[in-house]
Amino acid sequence: MIEIERKFLVTSTAYQSQAISKKRIVQGFLNTDPERTVRVRIMGDEGFLTVKGKGNDTGVSRFEWEKEIEVVEAEALLKLAEPGSIDKIRYEVKIGAHTFEVDEFYGDNEGLTVAEVELSSENESFESPEWLGEEVSGVTKYYNSQLSKHPFKDWEVKD
């Protein structure tokens, strides 16, 4: 139940033509405490409840537990969420042996696009696509839980 992923800014829209899937995601947070976040997500026609722990020193590994729930349950739980929500389109892009999840944000986070790649170890190598930019793994302001409270539109200096 340990998630190991690296997160990067995206420098172009070239990933769109390489995508093997595309889904809209709407999510909110029942808890955004840095020690543990509780997320409710609707992705396409599926609902999920996810608990994530605090990241390790590198910000690459952390506890993650996820359970699929009925969409009607997710909709009900979203009504209890803390203020602020996330609306994004997720593209899945296969590069070599890995699948990158590229999130294009909308609403208050419009203009931000990040890519994540899940790994089996922190030191695992992966092929970097040409649209992969600066690494932001462990940079708290890029966590969805933080984007829901401090959206990209309010940042003074855009990265």
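Reference entry: report on the structure contained in this document. Predicted model only: the values in this text are computed from it and were never measured. (Residues numbered from 1 in each chain as written. Predicted model: local features only at pLDDT ≥ 70, side-chain atom pairs only at ≥ 80, totals over all residues. Heavy atoms only, no water.)

Where like charges cluster on the molecular surface, the negative patch consists of Asp45, Glu68, Glu70 and Glu73. Note that aspartate 45 resides in the loop between β3 (36-43) and β4 (46-53). (Patch = residues over 30% accessible without salt bridge, like charges linked within 9 Å, V, L, I, M, F, W, Y side chains within 5 Å. Areas by Shrake-Rupley, 256 points an atom, 1.4 Å probe, with all protein chains shown as cover. Salt bridge = Lys/Arg side-chain N within 4 Å of Asp/Glu carboxyl O. Lys, Arg positive; Asp, Glu negative; His and termini not counted. Charge placed at Lys NZ, Arg CZ, Asp CG, Glu CD. Helix = DSSP H or I, 4+ residues; strand = E, 2+ residues; numbered from the N terminus.)

Together, Met1, Ile2, Phe63 and Trp65 make up an exposed nonpolar region whose accessible area comes to about 430 Å². Take tryptophan 65: it is sitting in strand β5 (residues 61-69).

Summed over all chains, the structure comprises 7 aromatic pairs. With a centroid separation of 5.8 Å and 65° between ring planes, the pair formed by tyrosine 15 and tryptophan 131 is classed as edge-to-face. Of the two residues, tyrosine 15 sits in helix α1 (residues 15-18) while tryptophan 131 sits in the loop between β8 (113-118) and β9 (132-135), which places them 116 residues apart along the sequence. The two residues tyrosine 15 and tryptophan 131 agree in class, both being buried. Ring geometry for phenylalanine 152 and tryptophan 155: centres 5.0 Å apart, planes at 70°, overall edge-to-face. (Phe/Tyr/Trp six-rings, centres within 6.5 Å; stacked < 30°, edge-to-face > 60°. Buried < 20%, exposed > 50% of the residue type's maximum accessible area, 1.4 Å probe, protein only.)

Quick look at the pattern of salt bridges now. In this structure the tally under the stated criterion is 14 salt bridges. Lysine 52 is the partner of glutamate 64 in a salt bridge, and the nearest nitrogen-oxygen pair spans 3.3 Å. Pair noted here: glutamate 64 is in strand β5 and lysine 52 is in strand β4, with a separation of 12 residues, a long-range link. Lysine 52 matches glutamate 64 in its accessibility class, with the two residues each being buried. Between lysine 88 and aspartate 103 there is a salt bridge, with the nearest N and O atoms lying 2.9 Å from each other. With a gap of 15 residues between them, lysine 88 in strand β6 (residues 86-95) and aspartate 103 in strand β7 (residues 98-105) connect regions that are remote in the sequence. Judged on exposure class, the residue lysine 88 and its partner aspartate 103 are both buried.

Position of threonine 113 relative to the elements: it lies in strand β8. Taking the relative accessible area as the measure of exposure, threonine 113 reaches 18% and is therefore buried. Sequence-distant contacts of threonine 113, that is, excluding residues within four places in its chain, are made with Phe8, Leu9, Val10, Tyr15, Val102, Asp103 and Glu104. (Contact = heavy atoms within 4.5 Å.)

Geometric values such as these leave the question of function open.
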